[in-house]
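Chain by chain, the residues run as shown.
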Amino acid sequence: MTAMPVTPERPGLRERKKLRTRAAIRRATLRLVTEQGYEATTIEQIAAAAEVSPSTVVRYFPVKEDILLTEAQDTLLEARLLARPPGEEPLESLRAVVVEAVTTALTHEPAETRLRARLLTEVPAIRARLTETTAESARRLSRAVAQRTGRDPDDLEVRVFTAAVLGALREATLHWAEHGRGDDLIALLDRTVDILKAGLTLRPPGPARP
């Protein structure tokens, strides 16, 4: 197992412009959804609020749900996964990079993160799209898992492992969202990984304490 160094590179002018446009579209969407609700918010309204054309919004985010779900950070997660210490268990590596990403979101965008979580419980289309994007992320991160373990990205074991871990972490996030977002999300993610490490054994609950 090997780790590859990650050398941050400053994006070029064109890439920085794209990032600013994506951020403007996302900010406009979050504001409009907060003010008037998800269903009432249209692509045309988002474009006007972000001062871009509707076609630009669709070019960056093919469906409206993507504005609230995709962060275009799969590349960063993949790089961070490859940079984890040599010899670290793949499950621990995935735990580390996902927890780091979620911690960053909760620290720097707490209101936006909680709004997205609430919408997951209220809008079926967003929840369905989350399942799709999780699968897409799993396929991409499978490459890093395969590289760290010396396997082929298309190996069944690699695909099942990565999809299972990300799917489980998605369920932990949904559990957090469905229960009022009052629990510690990071603790729930850690607990989820511990469940996977225990081999998915499920025992009946112990007797209630008096």
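Look above for the structure.
Keep in mind the model is a prediction, meaning the values are calculated, not measured.

**Quick notes on the pattern of salt bridges**
Oppositely charged side chains can pair when the atoms bearing their charge come close. The full count for this structure, using the stated rule, is 19 salt bridges. For the salt bridge of D66 with R129, the shortest nitrogen-to-oxygen distance reads 2.6 Å. Linking D66 in helix 4 (residues 64-69) with R129 in helix 8 (residues 124-149), this pair joins segments that are 63 residues apart in sequence. Both residues of the pair, D66 and R129, belong to the buried class. For E88, the salt bridge goes to R84, with nearest N and O atoms at 2.9 Å. Overall, E88 belongs to the buried group, its relative accessible area being 17%. A residue is classified by how much of its surface remains accessible, and R84, at 25% relative accessible area, is partly exposed.

**Considerations on helix 8**
The terminal C-alpha atoms of helix 8 lie 37 Å apart, and with 26 residues this matches the ideal 38 Å at 1.5 Å per residue to within 8%. The principal kink in helix 8, of about 30°, is found at L141.

Reading guide: rules and limits
- Residues numbered from 1 in each chain as written.
- Predicted model: local features only at pLDDT ≥ 70, side-chain atom pairs only at ≥ 80, totals over all residues.
- Heavy atoms only, no water.
- Salt bridge = Lys/Arg side-chain N within 4 Å of Asp/Glu carboxyl O.
- Helix = DSSP H or I, 4+ residues; strand = E, 2+ residues; numbered from the N terminus.
- Buried < 20%, exposed > 50% of the residue type's maximum accessible area, 1.4 Å probe, protein only.
- Expected span 1.5 Å × (residues − 1).
- Bend = angle between axes of the 7 residues up to and from the residue.

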